[in-house]
Amino acid sequence: MNTLKLERQGRVVTVRLHRPHVLNALSAELLAELLDALRPLDTDPDVGAFVVTGSEKVFAAGADIKEMAGKSAVDMAHEDYFSGWEEFAAFRTPKIAAVSGYALGGGCELVMMCDLVIAGESAVFGQPEIKLGVIPGIGGTQRLTRLVGRAKAMDLILTGRTMNAREAERAGLVSRVVPDDRITTEAEQAAEAIASYSRTAVTAARECVDRAENSSLSEGVLFERRVFHALFATEDQKEGMSAFLEKREPRFTGR
Ligand code: HXC
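Computed from a prediction, not measured in an experiment: that's the story for all the values here.

Cut-offs applied
Residues numbered from 1 in each chain as written. Predicted model: local features only at pLDDT ≥ 70, side-chain atom pairs only at ≥ 80, totals over all residues. Heavy atoms only, no water. Domains from an automatic or database assignment. Contact = heavy atoms within 4.5 Å. Buried area = accessible area lost by both parts, 1.4 Å probe. Salt bridge = Lys/Arg side-chain N within 4 Å of Asp/Glu carboxyl O. Nonpolar A, V, L, I, M, F, W, Y, C, P; charged D, E, K, R; others polar. Axes fitted to C-alpha atoms, helices over the stretch in contact; angles between N-to-C directions. Helix = DSSP H or I, 4+ residues; strand = E, 2+ residues; numbered from the N terminus. Parallel < 35°, antiparallel > 145°, perpendicular 65-115°, else oblique. Left-handed = near helix turned anticlockwise from the far one by under 90°. Phe/Tyr/Trp six-rings, centres within 6.5 Å; stacked < 30°, edge-to-face > 60°. Buried < 20%, exposed > 50% of the residue type's maximum accessible area, 1.4 Å probe, protein only. Lys NZ or Arg CZ within 6 Å of the ring centre and 35° of its normal. Pairing = 2+ DSSP bridges. Core = buried A, V, L, I, M, F, W, Y, C linked by side-chain atoms within 4.5 Å.

(A) Local environment of the domain arrangement of the protein. When the domains of the protein are assigned, the result is domain 1 (4-195) and domain 2 (198-246). When each unit is reduced to the centre of its C-alpha atoms, the spacing between domain 1 and domain 2 is 27 Å. With 15 residues of domain 1 in contact, the opposing surface of domain 2 contributes 6 residues. Interface of domain 1 and domain 2: buried area, both sides summed, is about 740 Å²; carbon and sulfur atoms make up 38% of it. One can count 2 salt bridges joining domain 1 with domain 2. The partner of Arg206 in a salt bridge is Asp115, with the nearest N and O atoms 3.0 Å apart. Partitioned by chemical class, the residues of the side of domain 1 that touches domain 2 number 6 nonpolar, 3 polar and 6 charged.

(B) Just the packing of helix H6 (residues 140-148) against helix H7 (residues 150-159), in detail. Axis separation between H6 and H7 bottoms out at 7 Å; the angle between their running directions is 140°. On the basis of the axis angle, H6 is oblique to H7. In terms of crossing hand, the pair formed by H6 and H7 is right-handed. Two secondary-structure elements touch here, H6 through Gly140, Thr141, Leu144, Thr145 and Val148 and H7 through Arg150, Lys152, Ala153, Leu156 and Ile157. Its residues assigned to classes, the contact of H6 with H7 shows 5 nonpolar, 3 polar and 2 charged.

(C) Looking closely at the packing of aromatic side chains. All chains considered together, the criterion is met by 6 aromatic pairs. Look at Trp85 and Phe88: their rings are 5.7 Å apart centre to centre, the planes differ by 80°, and that puts the pair in the edge-to-face class. With Trp85 and Phe88 both in helix H4 (residues 85-90) and 3 residues apart, this pair spans about one turn of that helix. Neither residue differs from the other here; Trp85 and Phe88 are each classed as buried. Through a chain of ring-to-ring contacts, the aromatic side chains of Phe50, Tyr81, Phe82, Trp85, Phe88 and Phe91 assemble into a single cluster. In this arrangement the basic side chain of Lys95 is found over the ring face of Phe88, its NZ or CZ atom lying 5.4 Å from the centre. Sitting over the face of the ring of Phe223, Arg211 holds its NZ or CZ atom 4.1 Å from the ring centroid.

(D) Broad picture of the sheet that holds strand S6 (residues 102-104). A sheet is described by the order of its strands in space; here 4 strands give the open sequence S4-S6-S8-S9, paired in mixed fashion. This sheet does not close on itself; its edge strands, each paired only once, are strand S4 (58-60) and strand S9 (162-164). Going from strand to strand, the sheet's axes swing by 20° on average, the running direction of each strand aside. Where strand S8 (residues 124-126) lies against S9, 3 bridges are found, and the strand directions are antiparallel. Across the sheet, the residue bridging to Val124 is Asn164, located in S9.

(E) Structural detail: the nonpolar core. If you look at the biggest cluster of nonpolar residues, it comprises 49 residues, and the most contacted ones within it are Leu38, Phe59, Trp85, Phe88, Val99, Phe125 and Leu173. At 6 residues, the largest contribution of residues to this core is made by helix H1 (residues 28-42). Every residue in contact with Trp85, bar those within four places of it in the chain, is listed here: Leu26, Leu30, Leu31, Leu34, Leu110, Met113 and Ile138. Ranked by size, the runner-up nonpolar core spans 14 residues in total, among them Ala49, Ile118, Val178 and Ile194.

(F) Quick peek at the sheet that holds strand S7 (residues 116-120). Across the sheet, 6 strands lie side by side as S1-S2-S3-S5-S7-S10; this open sheet has mixed pairing. With one partner strand each, in any of the chains shown, strand S1 (4-9) and strand S10 (176-178) form the two edges of the open sheet. Adjacent strand axes in the sheet meet at a mean angle of 20°, parallel and antiparallel pairs treated alike. Relative to S7, strand S5 (residues 95-99) runs parallel, the two being bridged by 4 bridges. Following the sheet pairing, Ala98 is matched in S7 by Ile118. Packed onto the sheet, H1 meets S1, strand S2 (12-17) and strand S3 (49-53) and runs at close to 15° relative to S1.

(G) Quick peek at the pairing of S7. Here S7 lies mainly inside the structure; 4 of its 5 residues are buried. Where S7 meets S10, 3 bridges bridge the pair, whose relative direction is parallel. Its bridge partner being in S10, Gly120 is matched across the sheet by Val178.

The following block contains the structure:
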């Protein structure tokens with residue numbers, strides 16, 4: 001792999017974006033390598049969470065401007081440039097972004113495809129595409145608006161200004177802000193906790209939370225209740241509740 005470093009520890013897989021000479025700019029090669037690496041792991045029952053991170057200075061400074069600059073509209077349409085990011089977004093394994101430094105443009109959009117966002121104090125978020133004569137193209141106008149609301153999304157997308165970690169946390173883009181030297185530990189601890197639970201329950205919980213974006217409250221609550229009922233068909237529900245009553249640690253199998 002040219003653009004990523006992959007590490008597996010127990011049930012957690014950490015992907016480190018690694019194109020330091022271009023601040024981890026997201027190229028087509030990086031996307032292809034990311035999908036090739038994670039696709040088989042997404043269905044591996046022994047993998048419970050992904051952590052996606054960059055370097056101390058930068059998470060990712062956006063899509064690769066050099067790669068895109070010379071393309072025509074027809075090239076972009078024929079290649080359906082970066083449509084593969086939706087495959088990443090749709091992975092069922094929980095994804096945790098551990099962000100230090102810049103998460104701009106496609107970098108911020110990648111963050112928003114993750115389920116948890118652990119940001120260091122140095123993290124900087126923004127959608128500066130307007131300064132390049134374009135707009136966000138990996139879901140930024142849609143996901144940012146859903147996450148932080150129209151007022152702030154318009155501000156960020158139309159002015160191209162950035163937000164620091166604290167503002168991003170207040171706005172709802174970031175789950176937790178921690179000291180920079182803690183982001184990897186904090187993200188891996190969260191990943192290990194998630195990976196230790198019932199894979200079936202975790203998947204169900206993610207699907208229900210995501211459903212909130214796409215349904216009315218009453219439909220969403222009904223969806224949740226039906227999924228909740230269905231989890232009573234799992235061995236893990238019996239194990240989790242028995243373990244509580246027997247005052248012991250549960251042993252989940254994902255069944
Ligand atoms: C390609 C990039 C890059 C990018 C940085 N580099 N960002 N190359 N694509 N997105 C390269 C620079 O050209 C430079 O190469 C090297 O990385 C270091 O960058 P500097 O600018 O010298 O670093 P610094 O002064 O620290 O500034 C950091 C920065 C700045 C503020 C993050 O690099 C920046 O503004 N980058 C672009 C951010 C951006 O506009 N992102 C949105 C991209 S569009 P050399 O060869 O000079 O050393 C996008 C749209 C998605 O994401 C839609 C897709 C369909």
